[in-house]
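# What the coordinates show
One-letter residues, chain by chain:
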Amino acid sequence: MLNECFHQFSSASGLVANQGKSCIYFGGVPEHVQQQILASLGFSLGELPFRYLGVPLSAKRLSVNQCQPLLDIILAKVQSWTTRFLSYAGRLQMIISVLLSIQSFWTQVFPLPKNILMKIESICKKFLWTGEVEGSKKAVVAWTQLCWPNTAGGLNITDIVTWNKAAILKQMWNLCNKKDRLWIKWMHIYYIKKEKTWNVKTNQAAWTTQKILKAGKLYTKDRLLKWGSITSAECVLCEAADESHDHLFFTCKYSSSVWEKVLNWAGIGRRARIWSEEIKWASTYATGRKADAAIYRMILAGAVYYLWQERNWRIFKKKKRKAEELVRMIVQDIHCRGSKWLKLEKKLQALNFYP
C-alpha cells in the first residue's frame, strides 16, 4: 500500500526515491517476511541505530558515544575564533540563544543521558566565566542561581535537566490530546489500547516509548510499597490514609482544603474530583483561550506542583507548611504568569486578593 502511494506521488510530481540512499528498518518482523518485502521493493536492509535529521534513532537506551555529535557541535561553536572577543554579556547571550538551543532539539525527541547533560552544563559554565572550555576559574555565582528567572535575581538560563523532563512530558500530553497525529494513533493501537496512559505496561516497547509513557508516573507511596521499597504508605499530608495518586492530589483532607480555597477564589463553584474526572472536566469546560479556562489550567498545574513539593518537603526536609501558604503561592504564580497575557488583565484585576 505504501509503495503504491510512493509510485502515485512519483508519477504526479516527477520525484523518485533514490534506492541507493533508502533503507527499510524492521521491528518484530519474521525473517522470511523481511526477505519478501525487500525483494518486492528493491530497497536495502537498514540497521539500528541510524541518524535522521541529525538525531540518532535507536530502539535501545542512547549511549554517550551516540550523543557525542551533539557535544561536538556545541564545542565547535564555543571554540570558534569569533567567541574570543565576546564580553560576559555576549557569552551569556550566546549560551541562551545558541548553545542551549542546539541541545533543545535533541531533548524534545528523547531523554538524554545524565552524563551528557552534565557535560553540556559544564561547557556552558566554563565558557561563561572564562571564555574557553578548558580553562578553570572559580564561579562567582552558583549555576543553579543563574538558572533562576530575571525577576528572582537570576539570568534566565535554561535548566537543561528540567527542560529535558518537561519536553518528554509534552510528548505525554500529546499522547492524551493530539490523537489525530499518525505516531500517536500508532501508539494508541499497539500500546495504549483504550487504557489510561499511566496504566500502560511497556515491557516490550522501545526504550524511548517506555520513557514517554513512564514520564507521567509519579513514585507515590502505594507504588513504592508494591515494590518493597518502603514499609508504610501513609500519606504525610493528612496522616489518615494511604498515599495514592488520587488521594495525594485530590481526596486528601489537606489537598481538598487547598483546592477548595483556590477554586472559590477563582469563582469556580465546584469541588475537585479525582485525576481522571478532573482531566475530563478540564477537557470539556477549560479548553480554548477564554480567561476563565486559562486561570483554571494554571490552578491545576499550580496545585499539583505545590502539593507534590509539599509532600517531598515533609518527607525529605522535615518541613511543613499550612494549606493557606500553598494557596498564597498558587495565587502569586497565577498573577505572575498571567500578567504576560493581555486577555487575563481584567480577570486578574478582579482576582487581586488572597482567599
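Computed from a predicted model, the values in this text were never measured in an experiment.

About the thresholds
Residues numbered from 1 in each chain as written. Predicted model: local features only at pLDDT ≥ 70, side-chain atom pairs only at ≥ 80, totals over all residues. Heavy atoms only, no water. Helix = DSSP H or I, 4+ residues; strand = E, 2+ residues; numbered from the N terminus. Areas by Shrake-Rupley, 256 points an atom, 1.4 Å probe, with all protein chains shown as cover. Lys, Arg positive; Asp, Glu negative; His and termini not counted. Charge placed at Lys NZ, Arg CZ, Asp CG, Glu CD. Core = buried A, V, L, I, M, F, W, Y, C linked by side-chain atoms within 4.5 Å. Buried < 20%, exposed > 50% of the residue type's maximum accessible area, 1.4 Å probe, protein only. Axes fitted to C-alpha atoms, helices over the stretch in contact; angles between N-to-C directions. Parallel < 35°, antiparallel > 145°, perpendicular 65-115°, else oblique. Left-handed = near helix turned anticlockwise from the far one by under 90°. Contact = heavy atoms within 4.5 Å. Nonpolar A, V, L, I, M, F, W, Y, C, P; charged D, E, K, R; others polar.

### Let's talk about the overall build of the protein chain
- Along the protein chain, the regular secondary structure elements total 16 helices and 4 strands.
- With the C-alpha coordinates of the protein chain rotated into their principal frame, the extents come out at 70 × 55 × 50 Å.
- Looking at the protein chain as shown, the accessible area adds up to about 22400 Å², and 56% of this sits on carbon and sulfur atoms.
- Looking at charge distribution, the protein chain has the averaged site of its 52 positive side-chain charges lying 3 Å from that of its 25 negative ones.

### With respect to the nonpolar core
- Core analysis: the biggest nonpolar cluster contains 39 residues, and V258 and I299 have the highest contact counts within it.
- Looking at which element gives the most residues to this core, the answer is helix α14 (residues 291–317), with 11 residues.
- Ranked by size, the runner-up nonpolar core spans 30 residues in total, among them C67, I120, C124 and I160.

### Concerning the packing of helix α4 (residues 88–107) against helix α5 (residues 114–130)
- Interaxial distance between α4 and α5 falls to 9 Å at its minimum, and their mutual angle equals 165 degrees. In terms of orientation, α4 and α5 fall into the roughly antiparallel class. Note on packing geometry: the crossing formed by α4 with α5 is right-handed. The segment α4 lies against α5, with Y88, R91, L92, M94, I95, L99, L100 and Q103 engaging I120, C124, F127, L128 and W129.
- Here the residues of the contact of α4 with α5 sort into 11 nonpolar, 1 polar and 1 charged.

### With respect to the side chain of E278
- Secondary-structure assignment places E278 in helix α13 (residues 275–285).
- Here E278 is in contact with F250, R270, A272, R273, Y296 and L300, once residues within four sequence places are set aside.

That is the geometry; function is a separate question.
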